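Descriptive structure summary
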Amino acid sequence: MLEKNALTTLEQARKHLGIPDTDTSRDESIEFLINAASSLIEKYCSRKFGLNRYQELLTGRGSLKLVLNHYPITELHAIDITQVVGSESVDVTKVHILPNGMLYRPNGGFPDNRLISQFMHPNYDQEVHNIFVDYSAGYVLPKDATEDNPRTLPYDLELACLKMISNMKRDKEISTGSNTEGNLVMTSESIGDWSASY
């Protein structure tokens with residue numbers, strides 16, 4: 001079963017590996033490779049790619065722009081800014097979404113939290129997270145795409161996943177076995193110059 005973060009589909013992986021659509025005997029192993037490759041890519045890139053909803057507490061710097069941790073931003077649900085006295089709910093329709101996870105608020109910006117820190121903790125040098133952002137970000141993954149909601153994941157990311165799957169399969173030399181249950185088994189593996197058959 002494919003995990004939520006899978007960057008390609010079982011059908012596309014079969015096609016890339018040269019496995020006929022009618023051969024489902026290796027599906028469990030291929031799904032494992034898709035899940036492993038997708039997780040490795042996310043760890044390497046230090047980000048999630050699938051469309052999700054996030055809530056973050058951030059630190060204002062007195063700038064008109066604010067950088068969020070996830071992108072591309074697809075929707076802003078709410079922004080609350082803590083002031084020295086009280087808080088302000090921002091009209092998200094007046095905040096512009098920029099590429100690479102940035103928000104632009106031309107009228108008012110995102111207040112510097114140092115004033116709040118000094119007011120709340122005059123003898124303590126610690127930043128106060130003064131901005132709460134509720135938003136959706138990420139791509140529609142190939143497995144989640146529909147006619148009304150097409151994929152938005154860049155093709156080069158899916159190709160990177162497919163190439164990694166192909167390399168994993170080759171490196172481990174996975175092939176179908178002849179056990180009575182008909183499950184996929186490893187008959188040989190190799191690492192560098194070393195190899196073993198089972």
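Located above this text is the structure these notes cover.
Described below are features of the structure shown in this document. This one's a predicted model, so the numbers in the text were calculated from it and none came from an experiment.

All right, on to the side chain of Arg47 then. Structurally, Arg47 can be placed in the loop between α2 (27-45) and β1 (52-58). Within the buried core, Arg47 has no salt-bridge partner, and the shortest N-O distance to an opposite charge, that of Glu42, equals 8.0 Å. In this structure the side chain of Arg47 is engaged in a polar contact, spanning 2.4 Å, whose partner is the backbone oxygen of Tyr71.

What follows concerns the sheet that holds strand β6 (residues 102-104). The strand order across the open sheet formed by three strands is β2-β6-β5, and the pairing between neighbours is antiparallel. Each edge of the open sheet carries a strand with a single partner, namely β2 (65-67) and β5 (96-98). Taking each pair of neighbouring strands and ignoring which way they run, the sheet shows an average axis angle of 25°. Across three bridges, β2 lies against β6 in antiparallel orientation. Within β6, the position partnered with Lys65 by the bridge is Tyr104.

As summarised here, the arrangement of the four strands in space is β1-β7-β3-β4, forming an open sheet in which the pairing is antiparallel. Two strands lie at the open edges of the sheet, namely β1 and β4 (87-90), each paired on one side alone. Each strand of the sheet is rotated relative to its neighbour by a mean of 15°, with strand direction disregarded. Alignment of β1 against strand β7 (residues 131-137), held across seven bridges, turns out to be antiparallel. Bridge pairing in β7 places Tyr54 opposite Tyr135.

What follows covers α2. If you check α2, its first and last C-alpha atoms are 27 Å apart, about what 19 residues at 1.5 Å a residue would give, namely 27 Å. Along α2, the residues classified as buried are Asp27, Ser29, Ile30, Glu31, Leu33, Ile34, Asn35, Ala37, Ser38, Ile41 and Glu42. Positive phi appears at Ser46, one or two residues downstream of α2, with a value of about 55°.

If you look at the biggest cluster of nonpolar residues, it comprises 20 residues, and the most contacted ones within it are Leu7, Ile30, Ile34, Phe49, Leu153, Cys161 and Ile165. Mapped onto this core, the elements with two or more residues apiece are α1 (10-17), α2 and α4 (155-172). Apart from residues no more than four positions distant in its own chain, Phe49 is found in contact with Leu7, Ile41, Glu42, Gly138, Tyr139, Leu141, Leu153 and Leu157. One finds Ile79, Leu103, Ile131 and Tyr135 within the second-largest nonpolar core, a separate group that totals 17 residues.

What follows covers the pattern of salt bridges. If you walk through the whole model with that rule in mind, you get seven salt bridges. Note that Glu88 is salt-bridged to Arg105, the shortest N-O span being 2.7 Å. Taken together, the residues span a long stretch of sequence, with Glu88 in strand β4 and Arg105 in the loop between β6 and α3 (114-120) at a distance of 17 residues. The exposure class of Arg105 is buried, given its relative accessible area of 10%.

Cut-offs used in this document
Residues numbered from 1 in each chain as written. Predicted model: local features only at pLDDT ≥ 70, side-chain atom pairs only at ≥ 80, totals over all residues. Heavy atoms only, no water. Helix = DSSP H or I, 4+ residues; strand = E, 2+ residues; numbered from the N terminus. Buried < 20%, exposed > 50% of the residue type's maximum accessible area, 1.4 Å probe, protein only. Lys, Arg positive; Asp, Glu negative; His and termini not counted. Salt bridge = Lys/Arg side-chain N within 4 Å of Asp/Glu carboxyl O. Polar contact = N/O pair within 3.5 Å; in protein donor to acceptor, adjacent residues only side chain to side chain. Pairing = 2+ DSSP bridges. Axes fitted to C-alpha atoms, helices over the stretch in contact; angles between N-to-C directions. Expected span 1.5 Å × (residues − 1). Core = buried A, V, L, I, M, F, W, Y, C linked by side-chain atoms within 4.5 Å. Contact = heavy atoms within 4.5 Å.

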